[in-house]
There are 2 protein chains.
Amino acid sequence: MHPFDQAIHLTATSLGIYQGHTSSAYANLVGPYGGVTCAVMLNAVLQHPDRIGMPVALTVNFAAAVADGPFTVTARAVRTNRSTQHWVMEASQASGVVTLATALFATRRETWSATETHAPQGMPLPESMARRSTRKQPAWVQQYDMRFTQGDVFSAFDGQERADSKSSQWLRDDPPRSLDFASLASMSDCFFPRIFLRRRRLTPIGSVSITTYFHADEAALAAQGERYLIGTARGQKFHKGFFDQSGEMWSHDGHLLATTHQTVYYKD
Amino acid sequence: MHPFDQAIHLTATSLGIYQGHTSSAYANLVGPYGGVTCAVMLNAVLQHPDRIGMPVALTVNFAAAVADGPFTVTARAVRTNRSTQHWVMEASQASGVVTLATALFATRRETWSATETHAPQGMPLPESMARRSTRKQPAWVQQYDMRFTQGDVFSAFDGQERADSKSSQWLRDDPPRSLDFASLASMSDCFFPRIFLRRRRLTPIGSVSITTYFHADEAALAAQGERYLIGTARGQKFHKGFFDQSGEMWSHDGHLLATTHQTVYYKD
């Protein structure tokens, strides 16, 4: 079993109630990598027998630090319409609720389509680039093969403040794994805190809420397969303890698969 | 009482349970304007005696059409930490849950600050511009004084597709009202559906999920007062029945007060 599948594995104990366990492979400095938590919350709906359609929007609120060990996830469809369905999910441990999430699922059909944002231009092929070092990094970073063309946060922690926090990178699972909704949800949280890029030094931070909009359907995921994705991100405003950042996930051949936004606590 | 205060008025019937009523002043084509629904959901937390701090993130999922008439709102703090608090809110009518929302509240303190996005440059003063017509528009549009410098959606519904859906505008309540968190939440949903701007014709649409990040604290809101705000928005991807759009809310003097993102259903 791929370590990612192991990390997001849930065992249903009754309708909409699951048992899971954190994975040391995706450990962060404190608790698990937030992206895997997003994937776990989404997975609770993906596995639910009442689920219709595919994910369109996912919001995950990191309510408290997740302790290493077991957790319980509940998923409840609060409203099912003809082609859309609204879910609320909670993960709990002995300390109480640790993660709170909502999701919109929908059946999707062909319509007029257009992409208004632009994929980064002139990215060299990932095979021609060096993989970023994962030396001294948390375990989860080692689960992703990342190759940066811009904004590799750890390349120079020289404390020299920069005017922007933009980054562009290739990424894929290591070992490779075919893209699906759960891994796309997880990868959407791969962007290092923008404040590290702005200030070029470590700062105490913690993501508190992330929202991802899925543009990919099953066919787009299958077309991507195990190939490298492109991820881009930028900060918006850093103010009084919180900043927000936005990212885009592009397929290897320039299709926008997801857009993602989050607000992050910081102290400095 | 200002019509906005009337529209978001909630009467607590017990701890965390409120009664509200839709307002004809903020009616949309079907049910109430989504921005007022956002403000109502936020208000349920703002009025809650257990609330700490101020809103940092708000996600509102429009689960079903809200019928004109009374509704019940519940607000529950799922987790209270030292300086952050996570909430889940639901609005219900006879048909079941119509709105599902989550919020992050926090106490905020001084830190290093920076704004990475840029306010629109060269906006003429609102007093020098004409107010957009509200003729034949839903009631809620009349509650906002909007003055566009770019992308007034209804100015030319000629069916000639455009390459982008960017808009820039001034806006404020009509009659004027001092900005607060509830009205900022409401204004964050003021941006007309980007597909109208792209295709320049009416299309059946419905916002399904909106997330707003608040950068303003009470002092920034007080400094803004009744003045015009600047709002900018753009689309990202339109695909298989859903598109996403992002917006920024700027103070009259160039401070970023909120960033906002939503996904919208469309049929065409």
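Residues numbered from 1 in each chain as written. Chains lettered and ligands numbered in written order. Predicted model: local features only at pLDDT ≥ 70, side-chain atom pairs only at ≥ 80, totals over all residues. Heavy atoms only, no water.

Trainee: Quick rundown of the overall build of chain A? Include the residues and the values.
Mentor: When its secondary structure is counted, chain A shows six helices and 13 strands. Taken over C-alpha atoms, the radius of gyration comes to 18 Å for chain A, in line with the 18 Å a tight globule of 268 residues would show. Summarising its shape, the C-alpha atoms of chain A cover approximately 50 × 45 × 35 Å along the three principal directions. Among the 268 residues that make up chain A, the fraction classed as buried is 61%. Long-range contacts, defined here as pairs at least 24 residues apart, represent 69% of the contacts in chain A between residues at least 6 apart. (Helix = DSSP H or I, 4+ residues; strand = E, 2+ residues; numbered from the N terminus. Rg over C-alpha atoms; globule rule 2.2 N^0.38 Å. Buried < 20%, exposed > 50% of the residue type's maximum accessible area, 1.4 Å probe, protein only. Contact = heavy atoms within 4.5 Å.)

Trainee: Explain helix α2 (residues 34-46) of chain A residue by residue, including any values.
Mentor: Here α2(A) contains 13 residues, and its C-alpha end-to-end distance of 18 Å stays within 8% of the 18 Å for a straight helix at 1.5 Å per residue. Burial analysis of α2(A) places 13 of its 13 residues in the buried class, the great majority of the element. (Expected span 1.5 Å × (residues − 1).)

Trainee: Give a description of the pattern of salt bridges that names residues and reports values.
Mentor: Residue and element names in this part refer to chain B. On inspection of all chains with the given rule, the structure shows 26 salt bridges over all chains. Note that R131 is salt-bridged to D174, the shortest N-O span being 2.8 Å. Of the two residues, R131 sits in the loop between β7 (114-115) and α3 (139-142) while D174 sits in the loop between β9 (167-173) and α4 (181-187), which places them 43 residues apart along the sequence. Taking relative accessible area as the criterion, D174 reaches 27% and is therefore assigned partly exposed. Between D158 and R200 there is a salt bridge, with the nearest N and O atoms lying 3.1 Å from each other. Remark: R200 occurs in the loop between α5 (194-199) and β10 (205-214) and D158 occurs in the loop between β8 (144-150) and β9; sequence separation between them is 42 residues. (Salt bridge = Lys/Arg side-chain N within 4 Å of Asp/Glu carboxyl O.)

Trainee: How would you sum up the side chain of D244(B)? Please name residues and give values.
Mentor: Within the secondary structure layout, D244(B) lies in strand β12 (residues 242-250). Polar side-chain contacts of D244(B) include one of 2.5 Å to the side chain of T259(A). (Polar contact = N/O pair within 3.5 Å; in protein donor to acceptor, adjacent residues only side chain to side chain.)

Trainee: Break down the interface of chain B and chain A for me, with residues and values.
Mentor: Taken together, the contacts link 70 residues of chain B with 71 residues of chain A. In total, about 6100 Å² of surface goes out of reach between chain B and chain A, with carbon and sulfur atoms giving 51% of it. Its largest share of buried area at the contact with chain A, chain B owes to W112(B), E116(B) and K240(B), together 15% of the area lost on that side. A salt bridge links E110(B) to K240(A), with the shortest nitrogen-to-oxygen separation between them at 3.3 Å. (Buried area = accessible area lost by both parts, 1.4 Å probe.)

Trainee: Can you lay out the relation of the copies chain B and chain A for me, pointing to particular residues and giving the numbers?
Mentor: Overlaying chain B with chain A gives an RMSD of 0.0 Å, the required rotation being 180 degrees about an axis along which the chain moves by 0.0 Å. Here the two chains are linked by the operation of a two-fold rotation axis. The residues that chain B uses at the interface reappear at the interface of chain A in 100% of cases, marking a shared surface. (Least-squares fit on C-alpha atoms with pLDDT ≥ 70 in both.)

Trainee: I'd like a description of the state of the cysteines, backed by residues and values.
Mentor: In protein structure, a disulfide is the covalent linkage between the sulfur atoms of two cysteines. Residues and elements named next belong to chain A. This model, assessed by the stated rule, comprises zero disulfides over all chains. C38 carries a free sulfur, and the closest cysteine sulfur to it, the one in C190, is 11 Å from it. When its relative accessible area of 2% is taken as the criterion, C38 is described as buried. (Disulfide = S-S within 2.5 Å.)

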